[in-house]
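# Residue-level structure breakdown
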Amino acid sequence: MEGEHVPLSNRLAVVQVLRVFLGVAVFAIAFIDGDELDLAPLVAVYLALTGVVEMLRRRAPAVTTSTSSWMLLLDGVFLAVAVALTGGTDSRLLPLVFFHVTAVTLVVSYRTGLKLALWYALLLFLGHAAADVDLLGSRTTGTYGDAVLTSIGLLLFAIGAAVCSSVNERALRRSRTEMHALVELGLELERARTSHDVARLLARHVRARLRFVRVMVLVRQADRWEGVAVTAGGTAPVTSPADI
């Protein structure tokens, strides 16, 4: 999983909260539709696994990354089975799949979100195939056409969320780099002793960050200007108009 701006432990904690929300939401919607008896065992097992993952996250951080990876696959299995048991493409639980893909894309990484969307698309077809061979009893999961359209819609939705997340990640990375550069400049300026030192540091910083060929910083001294010019060849003092 990628992500440079929020610690891994914090992001996994958010994913754990998301899992609890999904479990509660699935049971609540099933209760409203009168399917709570069919989904109660599934929800109970899922929440129990979530509790085990949370215990591992707190007591054995070293295995957190590996457990979180396969748990994302189990998240998909949980929602896919719940959707298949409540009507397939006609299920009221289907929006939770889109919600889960979007949340994982934003919280974990856009690559993981795309992989999860592909996993859901595969599981939707498996659910339809299971209904065709009567593994789901008398339950229906819609037509193959419905499954294809739902899968395409899910993939397009995931791609859109991934593109937006990627743009946002690049902007955050650039902002963090700029902030780091300003902090470094501030620390160097604190150690400067003369106006010449300040001019040299500013010129060097601007040239490095903006990639100018030549940068000059001038400081007024009484009735004349003095400063420093920085190029690829090094630093040179500026004491007269000829140096400019």
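Residues numbered from 1 in each chain as written. Predicted model: local features only at pLDDT ≥ 70, side-chain atom pairs only at ≥ 80, totals over all residues. Heavy atoms only, no water.

## Some remarks on helix 6 (residues 144–190)
Which entries qualify depends on this criterion: Put simply, DSSP marks the helices as runs of H or I at least four residues long and the strands as runs of E at least two long, and each gets a number from the N terminus on. By this rule the span expected of a helix is its residue count minus one, scaled by 1.5 Å. When accessible area is computed with a 1.4 Å probe and restricted to protein chains, residues below 20% of their type maximum are described as buried, those above 50% as exposed, and intermediate ones as partly exposed.
Helix length check: helix 6 (47 residues) gives 68 Å between terminal C-alpha atoms against 69 Å at 1.5 Å per residue, within 8%. Along helix 6, the residues that are buried comprise Ala147, Thr150, Ser151, Leu154, Ala158, Ala161, Ala162, Ser165, Ser166, Glu169, Ala181 and Leu185.

## Considerations on the sheet that holds strand 3 (residues 234–238)
Here is the rule: Two strands are said to pair when DSSP picks up at least two bridges between them. Structural elements are reduced to axes, namely lines fitted to C-alpha atoms, with helices fitted over the stretch in contact, and the angle between N-to-C directions of any two is expressed from 0 to 180 degrees.
Strand order in the open sheet formed by 3 strands is 1-2-3, with antiparallel pairing between adjacent strands. The outermost strands of the open sheet, each flanked by one partner alone, are strand 1 (215–221) and strand 3. Strand-to-strand twist of the sheet, defined as the mean angle between neighbouring strand axes without regard to direction, takes the value 15 degrees.

## Some words on the pairing of strand 1
Looking at chain direction, strand 1 and strand 2 (residues 224–231) are connected through 7 bridges and run antiparallel. By the bridge assignment for strand 2, Arg220 is matched with Trp225. Where strand 1 folds back on strand 2, the antiparallel hairpin that results is connected by 2 residues, among which Ala222 adopts a positive phi of roughly 60 degrees.

## Here we look at the pairing of strand 2
Where strand 2 lies against strand 3, 5 bridges are found, and the strand directions are antiparallel. Pairing of Val230 across the sheet is with Thr235, part of strand 3. Linking two consecutive strands that pair antiparallel, namely strand 2 and strand 3, is a turn of 2 residues.

## Examining the packing of helix 4 (residues 94–107) against helix 5 (residues 110–132)
So the rule is basically this: Each angle gets one of four labels, with under 35 degrees taken as roughly parallel, over 145 as roughly antiparallel, 65 to 115 as roughly perpendicular, and the rest as oblique. Here, residues are in contact when the closest pair of their heavy atoms is within 4.5 Å. When residue character is reported, Ala, Val, Leu, Ile, Met, Phe, Trp, Tyr, Cys and Pro are called nonpolar, Asp, Glu, Lys and Arg charged, and the others, Gly included, polar.
Look at helix 4 against helix 5: their axes get within 7 Å of each other, and the N-to-C directions meet at 155 degrees. For the element pair helix 4 / helix 5, the angle class is roughly antiparallel. Together, Leu94, Val97, His100, Val101, Val104 and Thr105 of helix 4 and Tyr110, Thr112, Gly113, Leu116, Ala117, Tyr120 and Leu124 of helix 5 make up the contact between the two elements. For the contact of helix 4 with helix 5, the class distribution of residues is 9 nonpolar, 4 polar and no charged.

## Let's talk about the packing of aromatic side chains
Filter applied, for reference: Stacked, tilted and edge-to-face pairs are distinguished by plane angle, under 30 degrees for stacked and over 60 for edge-to-face with tilted covering the rest, among Phe, Tyr and Trp rings (Trp via its six-membered ring) whose centres lie within 6.5 Å.
Under the counting rule described, the total for this entry stands at 3 aromatic pairs. Ring geometry for Phe98 versus Phe157: centroids 5.5 Å apart, planes at 80 degrees, classification edge-to-face. Residue Phe98 is located in helix 4, and its partner Phe157 is located in helix 6; the two are separated by 59 residues in the primary sequence. With relative accessibility at 22%, the residue Phe98 sits in the partly exposed group.

## Structural notes on helix 7 (residues 195–210)
With 16 residues, helix 7 extends 22 Å from end C-alpha to end C-alpha; this agrees with the ideal 22 Å at 1.5 Å per step. Taken together, the buried positions of helix 7 are Ala199, Leu201, Ala203 and His205. Elements in contact with the buried residues of helix 7: helix 6, strand 1 and strand 2. Immediately downstream of helix 7, the backbone of Arg211 shows phi near 60 degrees, a positive value.

## Focus on a nonpolar patch on the surface
Short version of the rule: Patch rule: a residue counts if its relative accessible area is over 30% and it has no salt bridge; like charges are joined within 9 Å, and nonpolar side chains (Val, Leu, Ile, Met, Phe, Trp, Tyr) within 5 Å. For the accessible areas, the method is Shrake-Rupley and the probe is 1.4 Å, while residue cover comes only from the protein chains on display. One side-chain nitrogen of Lys or Arg within 4 Å of one carboxyl oxygen of Asp or Glu is enough to make a salt bridge.
Taken together, the side chains of Val45, Leu49, Trp70, Leu73, Leu74, Val77 and Val81 define a hydrophobic patch exposed on the protein surface, amounting to about 520 Å² of accessible area. Among the elements of the structure, helix 2 (36–59) and helix 3 (64–85) are those that each provide at least two residues to the nonpolar patch. A total of 5 residues in the nonpolar patch trace back to one element, the largest contributor, which is helix 3. As for its placement among the helices and strands, Trp70 is situated in helix 3. Residue Trp70 is classed as partly exposed on the basis of its relative accessible area, which comes to 38%.

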